[in-house]
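Okay, here's what each chain looks like letter by letter:
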Amino acid sequence: MLLSIPTPTTSAVEIGPLTIHFYALCIIAGVALAIWLGNRRFTRAHDGVDGVVADVAIVAVPAGVIGGRIYHVLTSPEQYFGSGADVVDIFKIWKGGLGIWGAIALGTFGAYFAYKRIGASRSLPHFSHFAGALAPGLALAQAIGRWGNWFNAELFGKPLDAPWALSIPVRLRPVGYEEFETFHPTFLYESLWCTVIAVILIFMTPKLSGGAIFSLYVAGYSAGRFFIEGLRIDQAHIFAGLRLNQYVSLILVAAGVLAFNRFSRSKR
């Protein structure tokens, strides 16, 4: 294989007593972009909302991280409670393992709670407007965050012989795949898909309500995730030939479409 995407030889750098993990940097960069873009979109569309996005992020971001970790642990219990596992690894987030469904669910709940608390003393638009303003930034945050999986050499797909394939060292290849050198770069597929979703949401913003934009984000991302998830070969619970996250994707596509139809008929 002459052409392929190499796997980084290191996933962290030490600066004095500090160890900086590139996975964490990708997450932080994505969050920073989401806050910046969300604030830009929200303040452009509404007056008197300066600082709201940052204030909400103080609650929503930690809630999203916790929710993402909880989802990952609950859907992969054998990694933390199985034979030879160390339950302390639950807290080692820098090694990867943030389930996007849990992050969106608890992050949205945290954002709603913080937004309502702020709105008690200020006249703010409906929460759906806020969610719609943040949606493109959330998609871009996911696009950046997925590069953390590249640094950790995780969540790649089935063997692939193509110039865009991801080269994985022997020691990091799953059992049964030791003979294969290159695999589907599912992190890249998802990053590109999230970027496309963000562009579509920004383009559609003048034509749709905030609730419809957020619903489109949920449905659009979930549709792409269904197919990308089907390429992955990391350990997962499988039922009737589909991975657990594929079922979750289908449920969220349906929920997103129903919500989109509802919000597209309203001003929210």
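Given the structure is predicted, the values throughout are model-derived calculations rather than measurements. (Residues numbered from 1 in each chain as written. Predicted model: local features only at pLDDT ≥ 70, side-chain atom pairs only at ≥ 80, totals over all residues. Heavy atoms only, no water.)

## Things to note about the overall build of the protein chain
What the protein chain contains, in helices and strands, is 9 helices and 6 strands. Here the C-alpha radius of gyration of the protein chain, 19 Å, is about what a compact globule of 268 residues would show, namely 18 Å. Across its three principal axes, the protein chain shows a C-alpha extent of roughly 60 × 45 × 35 Å. When each of the 268 residues of the protein chain is scored for burial, the buried share is 43%. Looking at the protein chain alone, contacts between residues at least 24 apart form 72% of all its contacts between residues at least 6 apart. Carbon and sulfur atoms provide 68% of the accessible area of the protein chain, an area that totals close to 14,000 Å². If the 21 positive side-chain charges of the protein chain are averaged to one point and the 15 negative ones to another, these points end up 14 Å apart. (Helix = DSSP H or I, 4+ residues; strand = E, 2+ residues; numbered from the N terminus. Rg over C-alpha atoms; globule rule 2.2 N^0.38 Å. Buried < 20%, exposed > 50% of the residue type's maximum accessible area, 1.4 Å probe, protein only. Contact = heavy atoms within 4.5 Å. Areas by Shrake-Rupley, 256 points an atom, 1.4 Å probe, with all protein chains shown as cover. Lys, Arg positive; Asp, Glu negative; His and termini not counted. Charge placed at Lys NZ, Arg CZ, Asp CG, Glu CD.)

## Quick word on the layout of surface pockets
The space that makes up the second largest pocket amounts to roughly 290 Å³. Lining of the second largest pocket is provided by 14 residues; of these, Thr108, Ala131, Phe214, Ser215 and Phe263 occupy positions nearest its centre. Taken together, the residues that form the lining of the second largest pocket break down as 8 nonpolar, 6 polar and no charged. (1 Å grid on protein atoms, 1.4 Å probe; cavity = no way out; pocket = protein on both sides within 12 Å on 5 of 7 lines; lining within 4 Å. Points joined across faces, edges and corners; volume = space filled by probe spheres on them. Nonpolar A, V, L, I, M, F, W, Y, C, P; charged D, E, K, R; others polar.)

## Quick word on helix H7 (residues 186-204)
In this model H7 runs 27 Å from its N-terminal to its C-terminal C-alpha over 19 residues, within 8% of the 27 Å that 1.5 Å per residue would give. Turning to H7, its buried residues are Thr186, Phe187, Leu188, Tyr189, Glu190, Ser191, Cys194, Ile197, Ala198 and Leu201. Structurally, H7 contributes buried residues whose contacts are with helix H5 (127-145), helix H6 (147-151), strand E3 (166-167) and helix H8 (210-229). (Expected span 1.5 Å × (residues − 1).)

## A look at the side chain of Asn152
With respect to the helices, strands and loops of the structure, Asn152 is situated in the loop between H6 and E3. Beyond its immediate sequence surroundings of up to four residues, Asn152 is in contact with Ser11, Tyr23, Trp94, Lys95 and Gly96.

## Focus: the environment of Glu181
Here Glu181 shows up in the loop between E3 and strand E4 (182-183). The partly exposed category is assigned to Glu181, whose relative accessible area is 48%. The spatial distance from the C-alpha of Glu181 to the C-alpha of Ala131 is 42 Å, given a sequence separation of 50 residues.

## A short note on the confidence of the model for the protein chain
When the pLDDT values of the protein chain are averaged, the result is 93; 99% of them are 70 or greater. Least confident of the elements in the protein chain is helix H3 (residues 78-81), whose mean pLDDT is 84; most confident is H7, at 98. (pLDDT = per-residue confidence, 0-100.)

## Focus on the packing of aromatic side chains
Within this structure, the stated rule accounts for 17 aromatic pairs. Seen from their ring centres, Tyr115 and Phe127 are 5.5 Å apart, and the 65° between their planes marks the pair as edge-to-face. Here the residue Tyr115 occupies a position in helix H4 (residues 100-119), and Phe127 occupies one in helix H5, the gap between them amounting to 12 residues. Tyr115 sits in the buried class, given a relative accessible area of 2%. Using a relative accessible area of 11% as the deciding quantity, one classes Phe127 as buried. Of the aromatic side chains, those joined through ring pairs into one cluster are Phe22, Trp147, Trp150, Phe151 and Phe187. When the ring centre of Phe263 is taken as origin, the NZ or CZ atom of Arg262, which lies over that ring, is 5.0 Å away. (Phe/Tyr/Trp six-rings, centres within 6.5 Å; stacked < 30°, edge-to-face > 60°. Lys NZ or Arg CZ within 6 Å of the ring centre and 35° of its normal.)

## A short note on the state of the cysteines
Applying the stated criterion to the full structure yields 0 disulfides. Counting only cysteine sulfurs, Cys26 is the nearest neighbor of Cys194, a cysteine outside any disulfide, at a range of 13 Å. (Disulfide = S-S within 2.5 Å.)

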